[in-house]
Amino acid sequence: MILVLMGVICPLAILHLGMRVNHKTLSDVRWVPIVLLILCVAAGVMALRRSVPQALSRKRELEALVKELGGQ
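Residues numbered from 1 in each chain as written. Predicted model: local features only at pLDDT ≥ 70, side-chain atom pairs only at ≥ 80, totals over all residues. Heavy atoms only, no water.

Draft legend 1. Region of the structure containing the overall build of the chain. When helices and strands are tallied, the chain shows 2 helices and 0 strands. Taking all 72 residues of the chain together, the buried fraction comes to 7%. (Helix = DSSP H or I, 4+ residues; strand = E, 2+ residues; numbered from the N terminus. Buried < 20%, exposed > 50% of the residue type's maximum accessible area, 1.4 Å probe, protein only.)

Draft legend 2. The arrangement of the pattern of salt bridges in detail. One pass over the full model with this rule turns up 2 salt bridges. Taking the shortest distance from any N to any O, the salt bridge between Glu-63 and Lys-59 comes out at 3.9 Å. Separated by 4 residues within a single helix, Glu-63 and Lys-59 lie in helix α2 (residues 31-70), roughly one turn from each other. Since its relative accessible area comes to 45%, Glu-63 is described here as partly exposed. (Salt bridge = Lys/Arg side-chain N within 4 Å of Asp/Glu carboxyl O.)

Draft legend 3. Quick peek at a nonpolar patch on the surface. There is a patch of nonpolar side chains on the surface, built from Trp-31, Val-32, Val-35, Leu-36 and Leu-39 and spanning about 510 Å² of accessible area. Along the chain, Leu-36 turns up in helix α2. Exposure remark for Leu-36: the relative accessible area of 47% places this residue in the partly exposed category. (Patch = residues over 30% accessible without salt bridge, like charges linked within 9 Å, V, L, I, M, F, W, Y side chains within 5 Å. Areas by Shrake-Rupley, 256 points an atom, 1.4 Å probe, with all protein chains shown as cover.)

So this is what it looks like as structure tokens:
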């Protein structure tokens, strides 16, 4: 959810607001903000792909610890 909000919706909203304030259309937007938006989304996806397996392994470790402590 955070990736969708911070990586896609917020930058698109800022880009749209800038276009509305300056009375521009999407064809008037330079390529730099669009490339930066794509890079932000790609960086978020890569970070998410790295963090999910780490979180799952940590969860398994904690479950094993709880099971071990529950048996004592």
